[in-house]
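Remarks on the overall topology
For reference, the chains in residue letters:
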Amino acid sequence: MSETRSSLLRSTPFRLALTFAFLFLLAFILSGAIVYQLMSASLARQRPRLEPCAGGS
């Protein structure tokens, strides 16, 4: 088992696949964070300013 695993880790196609999978996940997470920030900034601009209620609720 360990011999197969070590030969797999030395395999160039396997290393390339791991590298591209990692880059894809990193880009997906980064783009999600950017879109989240843009949407929250847009919603904050569109949200009407609410006055505090004197009634307490």
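One can find the structure itself at the top, above this paragraph.
A few points on the structure. Since we're looking at a predicted model, the values are computed, not measured. (Residues numbered from 1 in each chain as written. Predicted model: local features only at pLDDT ≥ 70, side-chain atom pairs only at ≥ 80, totals over all residues. Heavy atoms only, no water.)

Re the overall build of the chain
Of the regular secondary structure elements, the chain holds two helices and zero strands. By residue count, 0% of the 57 residues in the chain fall in the buried class. Summed over all atoms, the accessible surface of the chain reaches about 5700 Å², with 70% contributed by carbon and sulfur. (Helix = DSSP H or I, 4+ residues; strand = E, 2+ residues; numbered from the N terminus. Buried < 20%, exposed > 50% of the residue type's maximum accessible area, 1.4 Å probe, protein only. Areas by Shrake-Rupley, 256 points an atom, 1.4 Å probe, with all protein chains shown as cover.)

Quick notes on the packing of aromatic side chains
With the rule as written, the count across this model stands at one aromatic pair. Aromatic pair phenylalanine 24 and phenylalanine 28: ring centres 6.3 Å apart, planes at 20°, arrangement stacked. One end of the pair, phenylalanine 24, and the other, phenylalanine 28, are both in helix 2 (residues 12-46), four residues apart, so they sit about a helical turn from each other. (Phe/Tyr/Trp six-rings, centres within 6.5 Å; stacked < 30°, edge-to-face > 60°.)

Regarding a nonpolar patch on the surface
A surface patch of nonpolar side chains, amounting to about 530 Å² of accessible area, comprises Leu16, Phe20, Phe22, Leu23 and Leu26. Among the structural elements, phenylalanine 20 can be located in helix 2. Given a relative accessible area of 55%, phenylalanine 20 falls into the exposed group. (Patch = residues over 30% accessible without salt bridge, like charges linked within 9 Å, V, L, I, M, F, W, Y side chains within 5 Å. Salt bridge = Lys/Arg side-chain N within 4 Å of Asp/Glu carboxyl O.)

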